[in-house]
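Below are the chains, spelled out letter by letter.
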Amino acid sequence: MNIDYKKLEMKCWFEDENGNIVEKDDPRACFYRNCFPLQLHECLDEYCYHPKNPIVKFLCRKSETLYKLFSRGKDKTFKSIFDCTTTYMSGSDCIVAMVNSGDFTLEQAIWVYAKSCERCMNALCYKYLDGKEGYPEYSEEWEKANTVCDFCREMDSHKC
Ligand SMILES: [Zn+2]
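Criteria and cut-off values
Residues numbered from 1 in each chain as written. Predicted model: local features only at pLDDT ≥ 70, side-chain atom pairs only at ≥ 80, totals over all residues. Heavy atoms only, no water. Helix = DSSP H or I, 4+ residues; strand = E, 2+ residues; numbered from the N terminus. Buried < 20%, exposed > 50% of the residue type's maximum accessible area, 1.4 Å probe, protein only. Pairing = 2+ DSSP bridges. Phe/Tyr/Trp six-rings, centres within 6.5 Å; stacked < 30°, edge-to-face > 60°. Lys NZ or Arg CZ within 6 Å of the ring centre and 35° of its normal. Core = buried A, V, L, I, M, F, W, Y, C linked by side-chain atoms within 4.5 Å. Contact = heavy atoms within 4.5 Å.

1. With respect to unusual backbone geometry
The residue Asp-130 is not glycine, and still its phi comes out positive at about 55 degrees. By secondary structure assignment, the location of Asp-130 is in the loop between α6 (118-128) and α7 (140-145). A relative accessible area of 63% places Asp-130 in the exposed class. In the Ramachandran plot, Asn-146 falls in the positive-phi region, its phi being about 55 degrees despite a non-glycine side chain.

2. Brief notes about the sheet that holds strand β2 (residues 21-22)
Judged by pairing direction, the sheet is antiparallel, and its three strands sit side by side in the order β2-β1-β3 without closing on themselves. Both outer strands of the open sheet, β2 and β3 (31-34), are each paired with one neighbouring strand and no more. Pairing of strand β1 (residues 12-15) with β3, which is carried by four bridges, proceeds in the antiparallel orientation. Note on β3: the bridge partner recorded for Phe-14 is Tyr-32.

3. A word on the packing of aromatic side chains
One pass over the structure, following the stated rule, counts five aromatic pairs. Look at Phe-14 and Tyr-32: their rings are 4.9 Å apart centre to centre, the planes differ by 45 degrees, and that puts the pair in the tilted class. Residue Phe-14 is found in strand β1, and its partner Tyr-32 is found in strand β3; the two are separated by 18 residues along the sequence. You can call Tyr-32 partly exposed: its relative accessible area is 47%. On the basis of an interplanar angle of 45 degrees and a centroid distance of 6.3 Å, the ring pair of Tyr-49 and Tyr-67 is categorised as tilted. On the criterion of sequence distance, the pair formed by Tyr-49 in the loop between β4 (39-48) and α2 (54-62) and Tyr-67 in helix α3 (residues 64-71) is long-range, its members being 18 residues apart. Between Lys-115 and the ring centre of Trp-111, over which it is positioned, the NZ or CZ distance is 5.3 Å. The residue whose ring lies beneath Arg-119 is Trp-142, and the NZ or CZ to ring-centre distance is 3.8 Å.

4. Some words on the nonpolar core
The biggest cluster of nonpolar side chains holds 15 residues, and the ones touching the most others in it are Tyr-88, Cys-94, Ile-95, Met-98, Tyr-113 and Leu-124. If we ignore the near neighbours within four places in the chain, the residues touching Met-98 are Asp-103, Phe-104, Ala-109, Val-112, Leu-124 and Tyr-128. Counting seven residues, the second-largest nonpolar core is a separate cluster that includes Cys-117, Cys-120, Trp-142 and Cys-152.

Structural data, given as structure tokens:
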């Protein structure tokens, strides 16, 4: 393999029509390419009956009874609601440590880190980077951060 490590550092660049890298102001520039390997891509699709007829669509939105009537026997289809990416570049050291600990697979570690709120990210860093970064769970700083995500929400409700 012949891997150009300089190219691996590039996250975005302009290309001409033949895929050659050119400067932004180059008159041949016609594509802007961006590539971020450390991103979690998440999509949410609505999965239900989506009428094509605008009148039926309007009626379905107005009344659940009409929606049930019109949708009977019809196939459900997907419709994108949102599409977002979360960059977890700052957590790469923590993610590697999480995987090396044996507690998580790479996919799980990325998922957990990228979906964590601020205090959970700090708690993960503290735990997996041997206390060099972040702060421990339930510490004063952790309480002060006052952020909430799926990984710490339940702990809060247990305390009440
Ligand atoms: Zn959290």
